[in-house]
Amino acid sequence: MKRRTLLAGAALALIKTAAGQVVQTLAPGDPTKTPGPPPSTLGTRSGFEQPRLIASDTSSRTPLQSLMGIITPSDLHFQRHHGGVPTIDPFKYELLIHGMVERPTVFTLRDLRRFPSVSRICFLECSGNFRSGKPNMTAQEICGLTSQAEWTGVLLSTLLREVGVHPSATWFLAEGSDAAVMTRSIPLHKGWDDAMIAYGQNGEALRPEQGYPARLLLPGWEGNTNVKWIRRIEVSDGPFMTREETAKYTYAIGGGKFRQFSFEMDARSIITFPSYPQQIDKGWVEIQGLAWSGRGRIGRVEVSTDAGRQWAPAQLHGPVLPKAHTRFSYLWQWDGRPTEIMCRATDETGYRQPTLSGLAAARGGHTDGYHLNPITAWEIRRDGQVFFKPEKWK
Amino acid sequence: MAIAIRPDGRGLPRGSGDAVTGQVIYAAKCAACHGVTGREGSSPRLVGDTGKTIGNYWPYATTVFDYIRRAMPLNAPGSLSNDEVYSLTAYLLSANRVITEKTMLDSARLAAVRMPARNLFVNDRGR
């Protein structure tokens, strides 16, 4: 709390936030009788709004149920680190591009910013983004490892033309400068398609948690491949078979086999209102949620308010962007009887979001952690309380 | 700076090590997190047939060397010498019965190791 804020006549008090927590903030009096604080050098959230990530040892999850529109505020973007968050001096930052190229080159941050820049809005989702098991789980806990930003940077294709890629090159290695020196192998076609070296996020420099000063951004591809704090790209004629693409980020598909190099994030959606721990009243309820696909635009979202027996189209809120969180809504008149509500997304390729049992059936009975995008159902109880309804498939 | 190793062994540095030497380093620098035999502890299981281990799930031996060298130990990544990394790799492969305890690993021998999990994986690229 700044001194001059206090001088402006306000006092500290305990208040209840919009989400229902009790926190200490400025006491609201009659705002028309006392001048408020003067203009400041940095804006802040209202004390009544205190959204938070849920952090574990390895990741922290976006409060999807608190978001409005389609942009995730930068400080609420999900995080997944493999060796913590490094501190990198932007004046000492270097990106080396070498390997099967004509002109191995070191780019400083200043160099990267001299190239033509692009901005695009797209989601970023960890491929391990699914939790289930008990009714008292929030959307944040179930699938909070997805977020969306407007990213600014230079297309990787611009840099690849600059260094001159050997015609027989097919992959590249991306390496971060965190304490894990994390590496992933990426098919070169993604580099020519829409990959970016991003240095901007939502109108300012990247956050350290998102790779400051520069990261690889692969729109629509599993989060882990979007290597943060990127320091090196080695163009090659095959994958390097790093730990993250062999021992991790692979999953059982039955018959003793495991799937590797699943890059695209499949279409998914979730209702964020109403969701646990909210409570609704009888009458009109505007069901809202987010839908997205790593393969392109969302084609349609359908909502069921009778536990999946009947489905009706939801309204998509523009802009409906490729590889982007898209907000949808569905106006529903709740009659006060217990039911289940759920949604399912279909993307422009025609792929439709499956059930957990559908995923398990397609993978020989396995659902072991990666690339799970099942339909999420919420149970509405008689008193209007909303609970997660974990799908039992075994 | 280019420390990545290919599955065919390209990029492996000079140096060598064996399982007996590796076991001593493992006890000092790895066992606290991965357990005395690589089966216990809070960090990923490394040895044996239970769960996903190096012995039953890692398709390339080169990945073991590459990952230890770049990221381990967790509290001092990048601190091990190449000989130490060869020794630790030899110990973990030996504990998983992929190589014998007496094998002296160097770049050529490590590149020649064929892992039990070599054919477990199906490439999803282009699906």
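Residues numbered from 1 in each chain as written. Chains lettered and ligands numbered in written order. Predicted model: local features only at pLDDT ≥ 70, side-chain atom pairs only at ≥ 80, totals over all residues.

J.: Talk me through the sheet that holds strand E3 (residues 54-55) of chain A; I want residue IDs and the actual numbers.
T.: All names here are of chain A. If you trace the three strands from one edge of the open sheet to the other, you get E3-E4-E5, paired in antiparallel fashion. Sheet topology places E3 and strand E5 (79-80) at the edges, where each strand pairs with a single neighbour. As paired strands, strand E4 (residues 59-61) and E5 are joined by two bridges and run antiparallel to one another. Within the sheet, the bridge partner assigned to Ser60 lies in E5 and is Gln79. (Pairing = 2+ DSSP bridges. Helix = DSSP H or I, 4+ residues; strand = E, 2+ residues; numbered from the N terminus.)

J.: Break down the domain arrangement of chain A for me, citing the residues and quoting the values.
T.: As far as domains go, chain A holds domain 1 (1-32), domain 2 (74-259) and domain 3 (268-389). On a C-alpha basis, the centres of domain 1 of chain A and domain 2 of chain A stand 41 Å from each other. (Domains from an automatic or database assignment.)

J.: Now, about the sheet that holds strand E17 (residues 257-260) of chain A: what can you tell me, with residues and values included?
T.: Sheets are built from strands that pair by backbone hydrogen bonding, the pairs being arranged parallel or antiparallel. Spatially, E16(A)-E17(A)-E3(B) is the arrangement adopted by the three strands of the open sheet, whose pairing is mixed. The open sheet terminates on both sides in strands that have one partner only, identified here as strand E16 (251-254) of chain A together with strand E3 (121-123) of chain B. Neighbour to neighbour, the strand axes of the sheet diverge by 45° on average, direction disregarded. Where E16(A) and E17(A) come together, three bridges link them in antiparallel fashion. Across the sheet, residue A:Tyr251 finds its bridge partner in E17(A), namely A:Arg259. (Axes fitted to C-alpha atoms, helices over the stretch in contact; angles between N-to-C directions.)

J.: Account for the confidence of the model for chain A, with residues named and values stated.
T.: Mean pLDDT over chain A: 95, with 97% of residues reaching 70 or higher. In the model, residues 3-8 of chain A has pLDDT below 50 throughout and makes seven contacts with residues more than four positions away in sequence or in other chains. (pLDDT = per-residue confidence, 0-100. Contact = placed C-beta atoms within 7 Å.)

J.: How would you summarise the interface of chain B and chain A if you had to cite specific residues and measurements?
T.: Between chain B and chain A, the residue contacts involve 22 residues of the former and 26 residues of the latter. Taken together, the elements giving at least two residues each to the side of chain B that touches chain A come down to helix H4 (61-71) and E3 of chain B. Top contributing element to the side of chain B that touches chain A by residue count: H4(B), with five residues. Class assignment for the residues of the side of chain B that touches chain A results in 14 nonpolar, two polar and six charged. Inspection of the sheet shows E17(A) paired to E3(B) by three bridges, in the parallel sense. Residue A:Gln260 lies in a different strand from E3(B), and its bridge partner there is B:Asn123. (Nonpolar A, V, L, I, M, F, W, Y, C, P; charged D, E, K, R; others polar.)

J.: Describe in detail the environment of A:Gln201, supporting the description with residues and values.
T.: Residues and elements named next belong to chain A. Structurally, Gln201 is set in strand E12 (residues 196-201). For Gln201 and Met182, which are 19 residues apart along the polypeptide, the C-alpha to C-alpha distance reads 21 Å. Contact partners of Gln201, with chain neighbours within four places excluded, come to Ser74, Ala149, Trp151, Leu206, Arg207 and Gln210.

J.: Which residues make up the pairing of strand E15 (residues 230-236) of chain A, and what are the values?
T.: All names here are of chain A. When you tally the buried positions in E15, you get six out of seven residues, the bulk of the element. In the sheet, strand E6 (residues 94-99) pairs with E15 via four bridges, with the strands oriented parallel. Residue Leu96 lies in a different strand from E15, and its bridge partner there is Arg232. Here six bridges tie strand E10 (residues 171-176) to E15, and the two strands are oriented antiparallel to one another. Residue pairing across strands places Leu173 opposite Glu234, the latter belonging to E15. (Buried ≥ 20, exposed ≤ 12 C-beta atoms within 10 Å, placed from the backbone.)

J.: So what's going on with the environment of A:Trp151? Which residues, and what values?
T.: All names here are of chain A. As for its placement among the helices and strands, Trp151 is situated in strand E9 (residues 146-155). Taking the number of C-beta atoms within 10 Å as the measure of exposure, Trp151 has 23 and is therefore buried. Taking the C-alpha atoms as reference points, Trp151 and Ala291, separated by 140 residues in sequence, lie 19 Å from one another. With near-sequence residues (within four places) excluded, Trp151 lies in contact with Ser119, Arg120, Cys122, Met196, Ala198, Gly200, Gln201 and Leu217.

J.: I'd love a proper account of the nonpolar core, names of residues and values included.
T.: Formed by 122 residues in total, the largest nonpolar core has its most connected members in A:Met196, A:Ile197, A:Ala214 and B:Leu92. Sort the elements by how many residues they give to this core and helix H5 (residues 82-95) of chain B lands first, with eight residues. Each of domain 2 (74-259) and domain 3 (268-389) of chain A contributes no fewer than three residues to this core. Excluding residues that lie within four positions of it along the chain, A:Ala214 makes contacts with A:Tyr93, A:Leu95, A:Leu109, A:Leu112, A:Ile197, A:Ala198, A:Tyr199 and A:Ile230. (Core = buried A, V, L, I, M, F, W, Y, C linked by C-beta atoms within 7 Å.)

J.: Run through H4(B), naming residues and quoting values.
T.: Since the α-helix packs 3.6 residues into each turn, any two residues three or four apart lie on the same face. Across the eleven residues of H4(B), eleven count as buried, placing the element largely inside the fold. For H4(B), the secondary structure elements touched by its buried residues are helix H3 (54-57), H5 and helix H6 (107-112) of chain B.

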